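Chain and residue survey
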Amino acid sequence: GLGLPVKTGADLSVAFNNNKRDTNNVLSSYNPVFNSSLSLSLTQPLLKDFKIDSPRQQLRLAKKSAEITDVEFRQSIINTIATVKGYYYELLFAIDNLGAAQKNLDLAKKLLEENEIRVKVGTMAPLDVVTAQSEVAAREEGVIVAENSLAEAEDNLKSVIFPQNDPAMWSTRIVPTDQPTAEPVPVDIEAAVRNALENR
């Protein structure tokens, strides 16, 4: 096949075939026999490079790939921020949970002291003191579990903020300053849908 000098996507093929046949047959009228053939083929794709040629297509693909890479990078940043915020809110919850567990323990201890006084005075059975002691032990367990949850939440947050090989991060304490709010935010549904359709 030969490529045409004009870049139209056409392909020209020329083939020449020449055969000679010898025979020792006496009944044959012609000896030797020559068969020659010449074939010419022109193929023109009608729509090839009709709208865009290959270099421009590659350029568009490269631009789209760059846009996809930018979107993936932005998505990675959004996911990282969401992860950090999630761990931050878990830390806030763990701090409040420890405070509630500590208050429960203080109340259980106060009840135990009051029950011990009532037993000494004689207005309460000693069995109620044992029940109050059991409640104090359960509340102490709740404080220990809450302290462990707080340490785990703090470690999770440190692992996404600090470099992994930084030994100073384990001795650093994180003291949250921002508290989550639950204020209603007005949402323009039509603008949000328009923005989603424009930016996919």
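Residues numbered from 1 in each chain as written. Predicted model: local features only at pLDDT ≥ 70, side-chain atom pairs only at ≥ 80, totals over all residues. Heavy atoms only, no water.

1. Quick word on the overall build of the protein
When helices and strands are counted, the protein shows three helices and three strands. Computed over the C-alpha atoms, the radius of gyration of the protein is 43 Å, more than 25% above the 16 Å expected from 2.2 N^0.38 for a compact globule of 200 residues. The principal-axis extent of the C-alpha atoms belonging to the protein is close to 145 × 50 × 40 Å. Looking at the protein residue by residue over its 200 residues, the buried ones come to 12%. Taking the contacts inside the protein whose residues are at least 6 apart along the sequence as the reference set, 56% of them involve residues at least 24 apart. Counting every atom, the protein has about 16,400 Å² of accessible surface; 57% of that belongs to carbon and sulfur. Positive and negative side-chain charges in the protein, numbering 21 and 27 respectively, have mean positions lying 14 Å apart. (Helix = DSSP H or I, 4+ residues; strand = E, 2+ residues; numbered from the N terminus. Rg over C-alpha atoms; globule rule 2.2 N^0.38 Å. Buried < 20%, exposed > 50% of the residue type's maximum accessible area, 1.4 Å probe, protein only. Contact = heavy atoms within 4.5 Å. Areas by Shrake-Rupley, 256 points an atom, 1.4 Å probe, with all protein chains shown as cover. Lys, Arg positive; Asp, Glu negative; His and termini not counted. Charge placed at Lys NZ, Arg CZ, Asp CG, Glu CD.)

2. Describing the packing of helix α1 (residues 54-121) against helix α2 (residues 126-161)
Put simply, α1 and α2 touch, their axes get as near as 8 Å, and they point 165° apart. As the angle between them shows, α1 and α2 are arranged roughly antiparallel. Classified by chirality, the crossing of α2 by α1 is left-handed. Residues of the contact of α1 with α2, tallied by class, amount to 22 nonpolar, nine polar and nine charged. (Axes fitted to C-alpha atoms, helices over the stretch in contact; angles between N-to-C directions. Parallel < 35°, antiparallel > 145°, perpendicular 65-115°, else oblique. Left-handed = near helix turned anticlockwise from the far one by under 90°. Nonpolar A, V, L, I, M, F, W, Y, C, P; charged D, E, K, R; others polar.)

3. A word on the nonpolar core
In this structure, Leu91, Leu98, Leu112, Val136, Val143, Leu150 and Leu157 are the most contacted members of the largest nonpolar core, which totals 18 residues. Elements with a contribution of two residues or more to this core: α1 and α2. In this structure Leu150 touches Leu91, Ala94, Ile95 and Leu98, once residues within four positions along its chain are discounted. (Core = buried A, V, L, I, M, F, W, Y, C linked by side-chain atoms within 4.5 Å.)

4. A look at the confidence of the model for the protein
Predicted confidence across the protein gives a mean pLDDT of 85, with 92% of residues reaching 70 or more. Element-level pLDDT for the protein is lowest in strand β1 (residues 2-3), with a mean of 50, against a maximum mean of 92 in α1. (pLDDT = per-residue confidence, 0-100.)

5. What about the environment of Val160?
Within the secondary structure, Val160 sits in helix α2. Assessed through its relative accessible area of 32%, Val160 is described here as partly exposed. A sequence separation of 82 residues divides Val160 from Ile78, and the C-alpha atoms of the two residues are 14 Å apart.

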